[in-house]
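Report on the structure
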Amino acid sequence: MITRRQLIKTGMAGALFLASTRLAHALPPPGKTDFVFLSEKDAEVISAVAPSMLEGAFPEHGSPGYEEAVRKVVARVDATISGLTPSMQDEVGELFSVLNFPPTRMFVAGVWKPWTEAGRAEITSFLESWQKSRFQLLRSGYDALHELITAAWYSNPETWASIGYPGPPDVGA
Amino acid sequence: MKSDFFRDGIASGWNHIDASSLSGDTVLEADVAIVGAGAGGGVSAEIFSKAGLKVVMVEEGSLSTTRDFNMLESEAYPALFQESASRKTRDKGIDIFQGRCVGGGTLVNWTASFRTPPATLKHWEKNFGVAGLGTEELRPWFEKMESRFNIKPWDLPPNRNNDVLRSGAEKLGYSWGVIPRNVRDCRNLGYCGLGCPVRAKQDTLVTSVADALVNGATLVSRARAERIVMYNGNAKWLDCVAMDENGIHPRKTKISIRAKHFVLSAGAIGTPALLLRSRLPDPHGLIGKRTFIHPVSVSGAIFPEPVEGFYGAPQSVYSDHFLYPDDGKIGFKLETPPIYPVMAATKLCGFGVPHAEFMKSLANAQVIIALNVDGFHAESPGGTVALKKDGTPVLDYPITPYVWEGITRSLFTTARIQFSAGAERVIPFHQYSRPCKDFGEAEKMIKNLPMEVLKAKVVSAHVMGGCPMGGDERTSVVDCEGKLRHAENVFVFDGSVFPTSLGTNPQLSIFALTARNAHRLLGNGDK
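Residues numbered from 1 in each chain as written. Chains lettered and ligands numbered in written order. Predicted model: local features only at pLDDT ≥ 70, side-chain atom pairs only at ≥ 80, totals over all residues.

**A look at the overall build of chain B**
- Looking only at helices and strands, one finds 14 helices and 23 strands in chain B.
- Against the globule reference of 24 Å for 527 residues, chain B gives a C-alpha radius of gyration of 22 Å, in line with a compact fold.
- Residues counted as buried form 61% of the 527 residues belonging to chain B.
- For chain B, the proportion of contacts with a sequence separation of at least 24, taken over those separated by at least 6, is 76%. (Helix = DSSP H or I, 4+ residues; strand = E, 2+ residues; numbered from the N terminus. Rg over C-alpha atoms; globule rule 2.2 N^0.38 Å. Buried ≥ 20, exposed ≤ 12 C-beta atoms within 10 Å, placed from the backbone. Contact = placed C-beta atoms within 7 Å.)

If you want it as structure tokens, here you go:
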């Protein structure tokens, strides 16, 4: 999946990325969750990243709809990933390994606190740094998070009123 | 559950096997085994079954029919598209939309039905030794397919999304035209891309595949063609494996099809992949090489008035004004996409407030796409289909500077058109982009956008090539009638035989070439 040439190009970040993947796979399997694909730790990443990714559309932290919005977006991300091909699921799994393994979370993502404690500014700067990274691999990580989270949000008919989308027309029986 | 004519047909005894529900290995016999039930597979199945041959079609995707199409992206993408509509090139730099369902690309495309451009056919004749496929020679086949699929220039007014392309082009003196569409009693809903809910779109599901079943053909859905088995230069078997009910994991159940002829119509990623897995003779290493995608750039705009790009025929206006630049640079065709919320949100770059601001204006959003015409220049050699460890295919498509230049130039052009048509803001889809208020600002910004993968948004909905036809055995995988050069009874009838990209939407070219080649295989000549 990652060629030698890409690895050299990606340098240190890539080496850490791969190391974390191997280490993470050596860790004991996560406990049982309500999700099909996500572990509790993976769900924490999405819960932390989604409000920043969707800032401006997502309910404000502490507002009444916030917790429910988090739950729904995580559930939809989980459903999306479980519909992907096995090899895509492996790649998404590697991405979560990097984001969850503390050394790579800190040195590759630049997020120093655990996801449950990280602040909005820290997460936004992580997203910006991957979005515009000189390493293609990190840009693709950003792109995967962007696609999963924005699709999860805007596929939910409850968000359509806020974007002026009336939804599909009634075509009758 | 609502009934529909296809389900009624199955209830009345059409031969359909959902491989995901098979309890044990199955062996089928056929005169013709067809891999893929899209444009090429559908037309092939109809022609061969009508000639009285026993036909078995194998499709990896699901059989979803009119009653299933509810215009929801969340359901259509996993059910009807390759890799849940998230297929990407190896470096993730290009998003690829491809159908995976009975009906294939024809079920999920936006109905644009153009003949192969004469310049493309001439280029193939001159550079690839393609014979017998001149504009005049193909004319009767185009006419037959236009009649079969009810292809006519769209005769209702374009939706506002398309009308922006028309009015902007007109103001700037660019040529434009009305797109021919394959619809019957179309209700102008706008959801062609998610499966037509009213059976108006003349995709192969409701036309050719249905007719083939009426003629006694067998359709096997949720079955992945794994390999072709050869003996003494002849293909004998097609080995398939059943997929699970969601089409994600292969099961252990095997379906083996013994046939006299094998027709490969799995599309320009699937067909080369099947040949590579089968290790068929390929002395010059051509299979999967020179794969083309019409790399597409995307330009968004916000208008002061509602555009409602989610409603109405998604593609009705095009401009070929920039298709053939006379300076040797890459050309592009201009069209529009439908503006569905998930597609817009995922392709739109950036995150947080700027992303949310664009999305809040979705009803006023307008989008133009530029399809860059790859494969006509030494610096546009296309990509390569290879196999991953699990045997599934991946396309490696490096974007050359020659192609990047076209992406940049097309972004200038589309921004100019959008402002001329009255856009308030234009936002080229790029990670470094921001909304611009006039063309001067946009021009300055686009000039400085770094053209690298995963910075510029590049997408594709047209995969072509990888099994090129031609007159020379050293440079072609199939001859000019689609026969595999190194096997007597294997034929490729899909977009993978194109030696370059087409320079236009591929469905009618695939219909016409398949019809011609299927009739030749029957020994009917050009009748």
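Having seen the model, we can carry on.
**Let's talk about the interface of chain B and chain A**
- Listed by partner, the interface residues are 36 residues for chain B and 34 residues for chain A.
- Ranked by the residues each element gives to the side of chain B that touches chain A, the list is headed by helix 11 (residues 352-360) of chain B, at six residues.
- Class assignment of the residues belonging to the side of chain B that touches chain A gives a composition of 19 nonpolar, nine polar and eight charged. (Nonpolar A, V, L, I, M, F, W, Y, C, P; charged D, E, K, R; others polar.)

**Observations regarding the confidence of the model for chain B**
- For chain B, mean pLDDT is 97; residues scoring 70 or higher make up 99% of the total.
- Across the interface, the model reports ipTM at 0.96; the global pTM reads 0.96. (pLDDT = per-residue confidence, 0-100.)

**Some thoughts on unusual backbone geometry**
All names here are of chain B.
- Positive phi values are uncommon outside glycine, yet S84 reaches one of about 55°.
- For S84, the position within the fold is in the loop between helix 3 (73-80) and strand 4 (87-88).
- A residue is classified by how many C-beta atoms lie within 10 Å of it, and S84, with 21 of them, is buried.
- Notably, N232 is not glycine yet its phi reads approximately 50°, a positive angle.
- With respect to the secondary-structure elements, N232 resides in the loop between strand 10 (223-231) and strand 11 (234-243).

**Details of the pairing of strand 2 (residues 26-35) of chain B**
All names here are of chain B.
- Across nine bridges, strand 2 lies against strand 12 (residues 250-264) in parallel orientation. Looking at strand 12, one finds that V32 is bridged to H261.
- Taken together, strand 2, helix 2 (residues 39-50) and strand 3 (residues 55-58) form a β-α-β motif whose crossover is right-handed. (Pairing = 2+ DSSP bridges. Right-handed = clockwise from strand over helix to strand, strands pointing away.)

**Let's talk about the environment of V317 of chain B**
Residues and elements named next belong to chain B.
- Turning to its location among the elements, V317 is positioned in strand 15 (residues 317-318).
- Taking the number of C-beta atoms within 10 Å as the measure of exposure, V317 has 23 and is therefore buried.
- Residues V317 and D163, 154 residues apart in the sequence, show an inter-C-alpha distance of 7.3 Å.
- Setting aside anything within four residues of it in sequence, one finds V317 in contact with P158, N162, L165, R166, W176, V178 and I179.

**Considering the nonpolar core**
- Counting 221 residues, the largest nonpolar core has I149 of chain A together with A33, V55, M57, V58, L238 and F262 of chain B as the members making the most contacts within it.
- At eleven residues, the largest contribution of residues to this core is made by helix 7 (residues 136-154) of chain A.
- Dropping the residues within four chain positions of it, V55 of chain B is found in contact with A30, D31, V32, I34, A45, F48, S49, A212 and A217 of chain B. (Core = buried A, V, L, I, M, F, W, Y, C linked by C-beta atoms within 7 Å.)

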